[in-house]
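# Descriptive analysis of the structure
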Amino acid sequence: MYRSHYSKDVTKKDYNKSITVAGWIEDIRNIGSIAFIILRDKRGTLQLTVLKKKNPELFEKLTSLSRESVISVKGICKENEKVRNDYEILPERLEILSVAKAPLPLGVVDKVEADFDTRLDNRFIDLRKQKNQAIFTIRNAVIAAVHKYLQSQDFVEVHTPKITASSSEGGTDVFKLKYFEKEAFLAQSPQLYKQSLMATGLDRVYEIAWYFRAEEHNTRRHLNESTAVDLEMAFINDEEEVMNVLENLVYNMWKKASDCKNELKILVKKISVPELPFARIVYDKVVDKLQDRNSSIEWGQDLGTDDERLLGDIMKEEGAELYFITKYPLESKPFYTMPKGDKYSRGFDLACKGIEIASGSQRIHDVKLLEERMKACDLNPEDFESYLKAFKYGMPPHGGFGFGIERFLMELLDIKNIRECILFPRDRTRLTP
Ligand code: ATP
Ligand code: MG
């Protein structure tokens, strides 16, 4: 029996016909002789109307079910302007597919929102909420836009190892694991692999990648397991070419999100597509602007959370929600970043409303310079032997970026906590569900 129609797919053509619907019982209102049951499926909700007199047994069965039980119902679809969707179903047959235990650990349509931990502990129910379904529908749409745009630009999708012998970029925020007799790490990013691929002739690659980062602090914008669009492209003249791909990618994702009218309505969110090209501001100017507003930032330092936010405010006043920060000091960027003179680098960030959403650069392709920069960053080239090897037998100039999907979503939809943008978040204290 199960389902011939989703709630939102019923049309006038189906009126006075027998159809089957299936889903979760969201609400039961029993007023004695008649009962109204709200059934929810992935497209929305619909009303079942049952008359006791007509079918006492069915009435009894339906009205005694617990909320969130799963049923399939066959019945006549009747036009009724007073009801949601302008129709109701008069059940004739009922199949109970799963009875939900009562009480529920979390309500689906409760007016008062449960606390965040209760929601995440019961994420399978939390995700039944329309709002959350809307977030993940938009997530799906923007990721589809990533594939569509990058494929159209001749990029090849790749998948690189997530279990690695050395940490991607050095640093401490790496998860160690036992790999038989050896020690291994979970990949912090595909950085070293996507660069190695530039030596293969694939030229333009991208990956929807998992990042595993053992960052100790719990913030509203960090996850310990997150996803990103990682991209690398060869035969570039400078980082501007990479920024160009990135801004067009973001533009296409934003545009695709703006087409999700239903979901944006559910989220009570209006978004307007940003204009191309995005603003560009050099690091030195950022420091000046921040210092003018009494920030204690000094030249060479990375932007702290407060500085990022303050810059977001300043840029908003200037009419830019999305902006590149370019020409970073060499010392504030990773070892593989191409220098620009002695002090500066070809590294950039893309920020949205005061939060970094992507980092990228032209990379070093000369192996000698690369080893030099490693040493300058207190890294031992011997730990990166297999990476360095890829630079010794023909490596073209290249560059790329890493762009956080959850970060993008939270800024796109003005969601306060990044955990809302991933199905099952991993943070400092949460490993289940
Ligand atoms: P931040 O300084 O904001 O912590 P980062 O500079 O350490 O980020 P990158 O190594 O530049 O991060 O990673 C590229 C992108 O991946 C970031 O711009 C961000 O969008 C995303 N990202 C990185 N780390 C995380 C994380 N822990 N949780 C969610 N997204 C992340
Ligand atoms: Mg960064």
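Residues numbered from 1 in each chain as written. Chains lettered and ligands numbered in written order. Predicted model: local features only at pLDDT ≥ 70, side-chain atom pairs only at ≥ 80, totals over all residues. Heavy atoms only, no water.

## What about the sheet that holds strand E1 (residues 18-30)?
Spatial strand order, E1-E2-E3-E5-E4: five strands in a closed barrel with mixed pairing. With direction set aside, neighbouring strand axes in the sheet form an average angle of 55°. Pairing of E1 with strand E4 (residues 70-79), which is carried by seven bridges, proceeds in the antiparallel orientation. Counted as the bridge partner of Ser18 is Ile76 from E4. (Pairing = 2+ DSSP bridges. Helix = DSSP H or I, 4+ residues; strand = E, 2+ residues; numbered from the N terminus. Axes fitted to C-alpha atoms, helices over the stretch in contact; angles between N-to-C directions.)

## Describing the site of ligand 1
Close contacts around ligand 1 come from 15 residues, with Glu215, His222, Leu223, Glu356 and Ile357 the closest. Arg407 is positioned with one of its side-chain polar atoms (N or O) 3.0 Å from an oxygen atom of ligand 1. The fraction of the free accessible surface of ligand 1 (590 Å²) that becomes covered by protein chains is 83%. In this structure the site holding ligand 1 corresponds to the largest pocket. Broken down by secondary-structure element, the contributors of at least two residues to the shell around ligand 1 are strand E17 (355-362) and strand E18 (398-404). (Near = heavy atom within 4 Å. Polar contact = N/O pair within 3.5 Å; in protein donor to acceptor, adjacent residues only side chain to side chain. Areas by Shrake-Rupley, 256 points an atom, 1.4 Å probe, with all protein chains shown as cover. 1 Å grid on protein atoms, 1.4 Å probe; cavity = no way out; pocket = protein on both sides within 12 Å on 5 of 7 lines; lining within 4 Å. Sits in = over half its atoms within 2 Å of the grid points.)

## Notes on the coordination of the magnesium ion (ligand 2)
Distances from the magnesium ion (ligand 2) to its protein donors, namely Glu356 (OE) and Ser359 (OG), fall within the range 2.2 to 2.3 Å. What makes Glu356 partly exposed here is its relative accessible area of 26%. Given a relative accessible area of 25%, Ser359 falls into the partly exposed group. (Donors = N, O, S within 2.8 Å, 3.2 Å for Na, K, Ca; no water. Buried < 20%, exposed > 50% of the residue type's maximum accessible area, 1.4 Å probe, protein only.)

## A word on the packing of aromatic side chains
Tallied over the full model, the rule gives 13 aromatic pairs. Judged by centre distance (5.1 Å) and plane angle (70°), the rings of Tyr179 and Phe180 are edge-to-face. Its relative accessible area of 39% is what places Tyr179 among the partly exposed residues. A centroid spacing of 5.5 Å and a plane angle of 70° characterise the contact between Phe403 and Phe408, whose relative ring orientation is edge-to-face. Phe408 shares its class with Phe403; the two are buried. The rings of Phe335, Tyr336, Phe384, Tyr387 and Phe391 are connected pair by pair, giving a single aromatic cluster. Sitting above the plane of the Tyr6 ring, Arg43 keeps its charged end 4.5 Å from the centroid. Over the face of the ring belonging to Trp299 we find Lys343, whose NZ or CZ atom lies 4.9 Å from the ring centre. (Phe/Tyr/Trp six-rings, centres within 6.5 Å; stacked < 30°, edge-to-face > 60°. Lys NZ or Arg CZ within 6 Å of the ring centre and 35° of its normal.)

## Examining the sheet that holds strand E8 (residues 176-179)
Spatially, the three strands line up as an open sheet ordered E7-E9-E8, and their pairing is antiparallel. Looking at strand neighbours, the two that pair on one side only are strand E7 (163-164) and E8, the edges of this open sheet. In the sheet, E7 pairs with strand E9 (residues 182-186) via two bridges, with the strands oriented antiparallel. Of the residues in E9, the one forming a bridge with Thr164 is Phe185.

## Describing the packing of helix H4 (residues 130-152) against helix H12 (residues 405-412)
With their axes 11 Å apart at the nearest point, H4 and H12 run at an angle of 120° to one another. If you check the angle between H4 and H12, you find them oblique. Pair H4 / H12 crosses with right-handed handedness. On H12, the residues touching Ile138, Arg139, Val142 and Ile143 of H4 are Ile405, Glu406, Phe408, Leu409 and Leu412. Classifying every residue of the contact of H4 with H12 gives seven nonpolar, no polar and two charged. (Parallel < 35°, antiparallel > 145°, perpendicular 65-115°, else oblique. Left-handed = near helix turned anticlockwise from the far one by under 90°. Contact = heavy atoms within 4.5 Å. Nonpolar A, V, L, I, M, F, W, Y, C, P; charged D, E, K, R; others polar.)

## Looking at the side chain of Arg119
Locating Arg119 in the fold gives a position in helix H2 (residues 116-121). The buried category is assigned to Arg119, whose relative accessible area is 5%. Other than its neighbours up to four places away in sequence, Arg119 contacts Leu106, Glu113, Ala114, Asp126, Lys129, Asn132 and Glu420.

## Regarding helix H1 (residues 56-63)
Because the α-helix completes a turn every 3.6 residues, residues three or four places apart line up on one side. Looking at H1, one finds that the buried residues are Leu58, Phe59, Leu62 and Thr63. The buried side chains of H1 occupy one side of the element, clustering within an arc of 115° when seen end-on. More than 90 degrees from the buried face of H1, the exposed residues found are Pro56 and Glu57. Close packing links the buried residues of H1 with E1, strand E2 (34-41), strand E3 (44-51), E4 and strand E5 (87-98). (Arc of directions from axis to C-beta.)

## Re unusual backbone geometry
Cis geometry marks the peptide bond from Ala102 to Pro103; its omega dihedral reads -5°. The topology assignment puts Pro103 in the loop between E5 and H2. Here the bond from Thr432 into Pro433 is cis, since omega is -10°, no more than 30 degrees from zero. Residue position: Pro433 is located in the segment after H12. A positive phi angle, close to 70°, is found at Asn294, a residue other than glycine. As for its placement among the helices and strands, Asn294 is situated in the loop between helix H8 (283-292) and helix H9 (305-317). Phi angles above zero are rare outside glycine, and Asp414 is one such case at about 50°.

## Focus: the domain arrangement of the protein chain
Each assigned domain of the protein chain is listed with its residue range as follows: domain 1 (7-98) and domain 2 (124-421). Spacing between the C-alpha centres of domain 1 and domain 2 amounts to 48 Å. (Domains from an automatic or database assignment.)

## Quick notes on the packing of H8 against H9
At a minimum axis distance of 10 Å, the contact between H8 and H9 shows a crossing angle of 90°. Classified by the angle between their axes, H8 and H9 sit roughly perpendicular to one another. Residues Val286, Lys289 and Leu290 of H8 form the contact with H9, whose own contacting residues are Asp307, Leu310, Leu311 and Ile314.

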